[in-house]
Amino acid sequence: MDIQLNTENLNGFVKAEDYAAILPEVTKAHEHLENKTGQGLEFTGWLDLPERTTEAQLDEYIQLGEEVREHSDCVISIGIGGSYIGLRAALEFLISEQKIPVYYAGNNLSSGYLFHLLKELQDKRITVVVISKSGTTTEPALAFRIILKFMKEKYSADELKKRIICITNPVKGALRSMSKKEGYRTFPVNSDVGGRFSVLTPAGLVPLAMAGIDIRGLIQGAREAQKHCSVMDIQENIAYKYAITRYLLYKKGKVIEILATFYQRLSFVEEWWKQLFGESEGKDGKGIYPASVSFTTDLHSLGQFIQEGERTMFETFLIATESGYEMIIPGSDEDMDNFNCVAGQDLDYVNKRAYQATAMAHFEGGVPNMLITISRFDAKNLGQLFYFFEKAVAITGYLLEVNPFNQPGVEAYKTKMFQLLGRK
């Protein structure tokens, strides 16, 4: 694994005997997960998905991506939740690989957002990818209605067949029926993988291939993580170590986890992480509340609360060994800002010192923290990171004795909204 986990700043909060005491529960959770016998077993297809993804599938997605980039200036991706945030997290993380811009719709109900998006793209050559298992989810369904009208005004029916791609249920549903009627190209949504775990399915891989991302590297990294994270060893399996540590801190009253990064390219990985963990764990009056901050910006706002506020939280820092770019700080003859002490250094040198200082200060202030390190911003590291977090949340969910793969509470607001809209 290129990913590393450091737990030094947990001293005094979690002890070696805590890990030993919980071993029987972890073993049980591990067996339920690996044997697919636990709660939500029908949605554990993500578990062996990396090794089940074939080279022929990857070839097909890559070829499609090449075709799309030949006849399009940009892509509009329509989706919400797991059909949106994983894709965006990957594109922000791998921004240097992206060959064509991707715009997002269906992830909100803002008329102003969609108006300005279509105005900006009115003279562009566009391909639209719609990601929805049913085709009836409110936000993407309404966005697709509006964007389809926009596309029909630009292109003929035959041209639309190559410019509209649907990722949906392979046999039924509104989007499946529409794509079959109109002749739009389709890819299947995996029925055994929930939305928040779907970034390594066609829902993520197809639009990523359109953008020119190295999806082979992404799957290779996930395969490596799948192998590493299948071992029942608390010390060797860092996904288990992370999951168990979270659970132990929770049992000691640390009910909020803050995922903190010092890298802008990781900010949407944080957003993806919040959905993955919040939707998986927050049930039956249980769960760790997932929050995120982007440092050093948030050190000038939320930093005060983390340092001296209520002691109900712990932090997980997420940083990169190599930033991917070099920005050397110049010297100054006057040195009026008194920063010649770092002249000639890469700006990332200062960034990492900011992390070290923050971790030390927060630990001394009563906030236990741990560190997840990726080696670099490439597709393999991202594939490992995605799978690492997926495996960890599954284990923590089972330790909490909740079903980590359903989301019954999400339906509550939808029922109320449909009543207000008069939808049958």
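Before going into details, it helps to say that this report is about the structure given with it. (Residues numbered from 1 in each chain as written. Predicted model: local features only at pLDDT ≥ 70, side-chain atom pairs only at ≥ 80, totals over all residues. Heavy atoms only, no water.)

Turning to the overall build of the protein, a few remarks are in order. Broken down by element type, the protein carries 16 helices and 10 strands. By the compact-globule yardstick of 22 Å for 424 residues, the protein fits well, its C-alpha radius of gyration being 23 Å. Expressed along its principal axes, the backbone C-alpha trace of the protein runs to roughly 65 × 65 × 45 Å. Taking all 424 residues of the protein together, the buried fraction comes to 53%. Expressed as a percentage of contacts within the protein between residues at least 6 apart in sequence, the contacts between residues at least 24 apart total 79%. (Helix = DSSP H or I, 4+ residues; strand = E, 2+ residues; numbered from the N terminus. Rg over C-alpha atoms; globule rule 2.2 N^0.38 Å. Buried < 20%, exposed > 50% of the residue type's maximum accessible area, 1.4 Å probe, protein only. Contact = heavy atoms within 4.5 Å.)

Here we come to the pairing of strand E2 (residues 74-78). Among the five residues that make up E2, five are buried, leaving the element largely enclosed by the rest of the structure. Burial along E2 is two-sided: Cys-74, Ile-76 and Ile-78 facing one way and Val-75 and Ser-77 facing the other are all buried. With five bridges connecting them, E2 and strand E4 (residues 126-131) associate as parallel partners. Considered in E4, the bridge of Ser-77 is made with Val-129. (Pairing = 2+ DSSP bridges.)

By volume, the largest pocket is sized at about 830 Å³. What lines the largest pocket is a set of 33 residues, and nearest its centre among them are Lys-133, Thr-137, Gly-195, Gln-407 and Lys-414. Breaking the lining of the largest pocket down by element, the ones donating at least two residues are helix H6 (138-154), helix H12 (267-281) and helix H16 (410-421). In terms of residue count, H16 provides more of the lining of the largest pocket than any other element does, six residues in total. Taken together, the residues of the lining of the largest pocket sort by class into 13 nonpolar, 13 polar and seven charged. (1 Å grid on protein atoms, 1.4 Å probe; cavity = no way out; pocket = protein on both sides within 12 Å on 5 of 7 lines; lining within 4 Å. Points joined across faces, edges and corners; volume = space filled by probe spheres on them. Nonpolar A, V, L, I, M, F, W, Y, C, P; charged D, E, K, R; others polar.)

It is worth spelling out the packing of aromatic side chains at this point. In total, this model carries 22 aromatic pairs according to the counting rule given. Their ring planes at 25° and their centres at 5.1 Å tell us that Trp-46 and Phe-197 sit as a pair that is stacked. With Trp-46 in the loop between helix H1 (16-34) and helix H2 (49-52) and Phe-197 in the loop between strand E6 (185-188) and helix H9 (202-211), this pair connects stretches of sequence that are 151 residues apart. Just as Trp-46 is buried, Phe-197 falls in that class too. (Phe/Tyr/Trp six-rings, centres within 6.5 Å; stacked < 30°, edge-to-face > 60°.)

The terminal C-alpha atoms of helix H11 (residues 238-251), which comprises 14 residues, lie 20 Å apart, in line with the 20 Å expected from a rise of 1.5 Å per residue. The element H11 is largely enclosed, with a buried count of 13 among its 14 residues. Residue Asn-237 occupies the N-cap position of H11, its side-chain oxygen lying 3.1 Å from the main-chain nitrogen of Ala-239. One or two positions beyond H11, positive phi appears at Gly-253, with a value near 95°. (Expected span 1.5 Å × (residues − 1). Polar contact = N/O pair within 3.5 Å; in protein donor to acceptor, adjacent residues only side chain to side chain.)

With that settled, the discussion passes to the environment of Glu-322. Tracing the backbone shows Glu-322 in the loop between strand E9 (313-320) and helix H14 (347-364). Take Glu-322: its relative accessible area is 42%, and that puts it in the partly exposed class. C-alpha separation for the pair Glu-322 and Glu-334, spaced 12 residues apart in sequence, amounts to 31 Å. Look past the residues within four positions of Glu-322 in its chain and what remains in contact with it is Ser-375, Arg-376 and Phe-377.

Before going further, it helps to spend a moment on the packing of H1 against H11. Running from amino to carboxyl end, H1 crosses H11 at an angle of 120°, the nearest separation of the two axes being 11 Å. As summarised for this structure, H1 and H11 are arranged oblique, according to the angle between their axes. You can see that H1 and H11 cross each other, and the crossing is right-handed. Note on element contacts: H11 touches H1 through Tyr-240, Lys-241, Ile-244, Thr-245, Tyr-247 and Leu-248, opposite Asp-18, Tyr-19, Ile-22, Glu-25, Val-26, His-30 and Glu-34. When the residues that make up the contact of H1 with H11 are grouped by side-chain class, the tally is seven nonpolar, two polar and four charged. (Axes fitted to C-alpha atoms, helices over the stretch in contact; angles between N-to-C directions. Parallel < 35°, antiparallel > 145°, perpendicular 65-115°, else oblique. Left-handed = near helix turned anticlockwise from the far one by under 90°.)

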